Amino acid sequence: MTLKPGVLMLRRIATVVTVTAALSAVAGSALACPSPHGPIEKAGGALPTAGTLTVVYQEDAEARTERFELKCGPAGRAAGSHPSASRACAAVDQAVRGPKSPWEPISKDAVCTQRYGGPQTARVTGTWAGREVSADFERTNGCEIARWDTLTPALPRIGANPS
């Protein structure tokens, strides 16, 4: 049986739409999966997230590095050389209580928008909630930008991101 060209084209379009919808559903659910290194729990609730972090930031490869110390304690205490220590501690506390650990790199299998956020880089080291932290941050795609933004203002606010 030979199909008319119009019917054949409609079948092709329907196949493309179905495959695209299926791939979008799979990619969306993969991005929504919580990290195995997510919130730190104990019997009775989340542990207080306190620690000492060093943030080393560079605007671009040619720029000098900036270094900030951030000391966060229970009950919102904050100190160190970070220009917004209290707000930075609150941002880190909120990020570590989220579904994904901000300290884990983006999975190589993640589906990310190809949006360049700038040449900025940062490295965060220290301890948080009794665990060693060593994480590198960049803004090379949508996933990396989102990861950076979860820690703003601990990491510098870039561009026109909302406050």
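A quick note: this is a predicted structure, and the numbers were derived from the prediction, not measured. (Residues numbered from 1 in each chain as written. Predicted model: local features only at pLDDT ≥ 70, side-chain atom pairs only at ≥ 80, totals over all residues. Heavy atoms only, no water.)

Caption draft 1: Highlighting the environment of E132. Mapped onto the fold, E132 is located in strand β7 (residues 131-139). Taking the relative accessible area as the measure of exposure, E132 reaches 72% and is therefore exposed. Spatially, the C-alpha atom of E132 lies 9.8 Å from that of W103, the residues being 29 residues apart in sequence. Ignoring any residue separated from it by four or fewer positions in sequence, one finds E132 in contact with G126 and T127. (Helix = DSSP H or I, 4+ residues; strand = E, 2+ residues; numbered from the N terminus. Buried < 20%, exposed > 50% of the residue type's maximum accessible area, 1.4 Å probe, protein only. Contact = heavy atoms within 4.5 Å.)

Caption draft 2: Summary view of helix α3 (residues 142-150). Within α3, the full set of buried residues consists of G142, C143, E144, I145, R147 and W148. Considering only its buried residues, α3 is in contact with β3 (51-58), β6 (118-128) and β7.

Caption draft 3: Representation of the side chain of S101 in the model. Mapped onto the fold, S101 is located in the loop between α2 (85-96) and β6. There is a polar contact of 3.2 Å between the side chain of S101 and the backbone nitrogen of W103. (Polar contact = N/O pair within 3.5 Å; in protein donor to acceptor, adjacent residues only side chain to side chain.)

Caption draft 4: Quick peek at the pairing of β7. Of the strand pairs in this sheet, β6 and β7 are connected by nine bridges, and their pairing is antiparallel. Paired with T125 across the bridge in β7 is S134. Between β6 and β7, which pair antiparallel and follow one another directly, the connecting turn spans two residues, one of which, A129, has a positive phi of 55°. (Pairing = 2+ DSSP bridges.)

Caption draft 5: Layout of the confidence of the model for the chain. Per-residue confidence for the chain gives a mean pLDDT of 79; residues scoring 70 or more make up 68%. Across residues 16-45, where pLDDT falls below 50, the model places 25 contacts with residues more than four positions away in sequence or in other chains. (pLDDT = per-residue confidence, 0-100.)

Caption draft 6: Looking closely at the side chain of Q58. In this fold, Q58 is placed in strand β3. A polar atom in the side chain of Q58 sits 3.4 Å from the backbone oxygen of A61. If we ignore the near neighbours within four places in the chain, the residues touching Q58 are A63, R64, T65, P119, Q120 and T121.

Caption draft 7: Layout of the state of the cysteines. All told, the structure shown has two disulfides when counted by the stated rule. Sulfur-sulfur distance for the disulfide between C112 and C143 comes to 2.0 Å. Its torsion about the S-S bond being -100°, the disulfide of C112 and C143 is classed as left-handed. Taken together, the residues span a long stretch of sequence, with C112 in the loop between α2 and β6 and C143 in helix α3 at a distance of 31 residues. In the chain, the cysteines engaged in disulfides, taken in order along the sequence, are linked 1-2, 3-4. (Disulfide = S-S within 2.5 Å.)

Caption draft 8: Expanded view of the sheet that holds strand β5 (residues 78-79). Strand order in this open sheet of five strands is β5-β4-β3-β6-β7, and the pairing throughout is antiparallel. Single-partner strands in this sheet number two, and they are β5 and β7. Alignment of β3 against β6, held across eight bridges, turns out to be antiparallel. When the sheet's bridge partners are listed, Q58 is paired in β6 with T121. Here α2 sits on the sheet and contacts β3, β4 (65-72), β5 and β6; the angle it forms with β4, its principal contact strand, is near 75°. (Axes fitted to C-alpha atoms, helices over the stretch in contact; angles between N-to-C directions.)

Caption draft 9: Inspection of the packing of aromatic side chains at higher detail. On inspection of all chains with the given rule, the structure shows one aromatic pair. With a centroid separation of 6.2 Å and an interplanar angle of 70°, the aromatic rings of Y57 and W148 are classed as edge-to-face. Taken together, the residues span a long stretch of sequence, with Y57 in strand β3 and W148 in helix α3 at a distance of 91 residues. Classification of Y57 by relative accessible area gives buried; the value is 4%. Taking relative accessible area as the criterion, W148 reaches 0% and is therefore assigned buried. The ring of W148 has R139 lying over it, and the distance from NZ or CZ to the ring centre is 5.4 Å. Residue placement shows R147 over the ring face of F137; its charged tip is 4.0 Å from the ring centre. (Phe/Tyr/Trp six-rings, centres within 6.5 Å; stacked < 30°, edge-to-face > 60°. Lys NZ or Arg CZ within 6 Å of the ring centre and 35° of its normal.)

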